[in-house]
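# Working through the structure, step by step
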Amino acid sequence: MNRIRPITDPSRPKVYIETYGCQMNVNDSEVILSILQDAGYALTDDIEEASVILANTCSIRDNAEQRIWGRIDQFKLQKRKRDGVVIGIVGCMAERLKDKLLEAVDIVAGPDAYRSLPELLEAVAPDSPQMNVMLSHEETYADITPVRMDRNGISGFISIMRGCNNVCSYCIVPYTRGAERSRDPYTIVQEAKTLFENGYKEVTLLGQNVDSYFWKDAEKADRNVNFAQLLEMVAKISPELRVRFSTSHPKDISDEVIYTMAMYENICKHIHLPVQSGSSIMLEKMRRKYDREWYLERVRKIRSVIPDCGITTDVIAGFSGETAQDHQDTLSLMEQVVFDSAFMFAYSERPGTLASRKYPDDIPYGLKTERLNEIIALQGRMSLKSNEKEIGKTLKVLVEGPSKKNPDELCGRASSNKMCVFPSRGEKAGDYCEVEVVSVTSATLLCKRID
Ligand code: SAH
Ligand code: SF4
Ligand code: F3S
């Protein structure tokens, strides 16, 4: 039996899952589906026929949570339409809000409690909502084969670790995901192999801070595995299988990782390296454990070893006490580095974090938005500048499918993670094509065929 694709058996009770937040949540939903399929459920993408409606949620910013409250109201309409519908909130928001959510829905399960979902579903009754928000020091779901919910069967996520041991002062993740733990590397390689054998051409290794991945072998220290070694193990599965990873932490990304990337053609030349701020004063307050100079040195190192490496980032605008000068420092760092792309956010205070206790959220909403907009506008120019440097280069692209705008064209990503569009010769998702960049926008490389 193919265990990695959803079961569509019409006689089974149906589960519908919406996923919010980061890539780790996407993979967690696949773990949840695997657990529920083993318990007799099947997946549906039609909420109207679901007997179990789940939202896998995110707490990273207040607006992420507000969206979920809105969805809960929508889910409740389904309950009114049909008898026996169960609504569950799982993931980070479940962990953060616990009982408060239990007043609104039937099931609340935190990120380490997914194995208990079948029991919770068994026990749930109209006056008896069920909750499990226990965090674990061991759970990595290493033995569970995620049931893949992606559309094209080309690119899959693999969680290599869970939790986070950093205490960035603004961040809720350590509270919702618990302590950091690394997963047995042999199960990771096995999962990547299974994906490859099932036609997948790309895996992305996921963790909040992949550079601190460390597997301690129970018996022999020479069988310990660090992140660079894990990357190599996965890269060796096949040169046809691309390997990506996220997220790298500037304080921890090692030269060994950078050299390992350079050694294997199939390890994609892209590093997501969130900077958060260009001001060393802000970075100190954010407890990022690096400063502006350290960050710029890491970028120089990456580019000296891998000249064409894509570098992307995350930026937070308007953290506590951010002065006009701090903001300028962020802009000047962005101009200096010229990131390929960035996720950019206005600071959102999260209850219970160090920042919420020590550092007042004192930048007025209007000013935060103004700074964020300046950051977004600058990044637009930097993305264009970074893409313009690609003109004339030859790239190997993994086809994702037809381009959205023109069915005679294909789209797919280069090793650097840049999106490419080029004429189709009938290839399908999962094929590799050689192209040359002809012109660019800030979001896309427009290419011609050279193969
Ligand atoms: N582990 C990753 C990031 C995880 S969260 C890392 O350390 O880089 C993803 C991004 O959300 C962060 O990089 C940060 O830019 C943003 N973020 C986290 N907490 C936030 C908050 N309270 N307000 C606004 N943005 C936040
Ligand atoms: Fe949050 Fe920092 Fe951990 Fe990233 S490294 S998840 S920002 S605490
Ligand atoms: Fe959000 Fe949790 Fe991921 S808070 S960003 S879903 S780890």
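Owing to the predicted nature of the structure, the values given are computational and were not obtained by experimental measurement.

## Focus on the sheet that holds strand E15 (residues 310-317)
Strand order in the open sheet formed by three strands is E14-E15-E16, with parallel pairing between adjacent strands. Every interior strand has two partners, whereas the edge strands, strand E14 (270-272) and strand E16 (341-346), have only one. For this sheet, the mean angle separating the axes of adjacent strands, direction not counted, is 10°. With three bridges joining them, E14 and E15 adopt parallel strand pairing. By the bridge assignment for E15, histidine 272 is matched with threonine 312.

## What about the site of ligand 2?
Neighbouring ligand 2 are Cys164, Asn166, Cys168, Tyr170, Cys171, Val173, Pro174, Gln208, His249 and Arg288. A class-by-class count of the residues in the shell around ligand 2 yields six nonpolar, three polar and one charged.

## Section: helix H12 (residues 324-337)
Its 14 residues place the ends of H12 20 Å apart at the C-alpha level, agreeing with the 20 Å of an ideal helix rising 1.5 Å per residue. Those residues of H12 lying buried are Asp326, His327, Asp329, Thr330, Leu331, Leu333, Met334 and Val337. Contacts made by the buried residues of H12 are with helix H10 (280-285), helix H11 (292-305), E15 and helix H14 (365-388). Immediately beyond the C-terminal end of H12, within one or two residues, lies valine 338, with a positive phi of roughly 55°.

## Focus: H11
Under the 1.5 Å per step criterion, the end-to-end length of H11 is 20 Å for 14 residues, consistent within 8% with the ideal 20 Å. Those residues of H11 not exposed but buried are Arg292, Tyr295, Leu296, Arg298, Val299, Lys301 and Ile302. Buried residues in H11 make contact with helix H9 (255-263), E14, H10, E15 and H12.

## Topic: the sheet that holds strand E19 (residues 419-423)
The mixed closed barrel is built from five strands, whose spatial order is E17-E18-E19-E21-E20. Strand-to-strand twist in this sheet, taken as the mean axis angle between neighbours without regard to direction, amounts to 55°. Where strand E17 (residues 394-402) meets strand E18 (residues 409-413), four bridges bridge the pair, whose relative direction is antiparallel. Residue valine 399 lies in a different strand from E18, and its bridge partner there is glycine 412.

Rules used throughout
- Residues numbered from 1 in each chain as written.
- Chains lettered and ligands numbered in written order.
- Predicted model: local features only at pLDDT ≥ 70, side-chain atom pairs only at ≥ 80, totals over all residues.
- Heavy atoms only, no water.
- Pairing = 2+ DSSP bridges.
- Helix = DSSP H or I, 4+ residues; strand = E, 2+ residues; numbered from the N terminus.
- Axes fitted to C-alpha atoms, helices over the stretch in contact; angles between N-to-C directions.
- Near = heavy atom within 4 Å.
- Nonpolar A, V, L, I, M, F, W, Y, C, P; charged D, E, K, R; others polar.
- Expected span 1.5 Å × (residues − 1).
- Buried < 20%, exposed > 50% of the residue type's maximum accessible area, 1.4 Å probe, protein only.
- Contact = heavy atoms within 4.5 Å.

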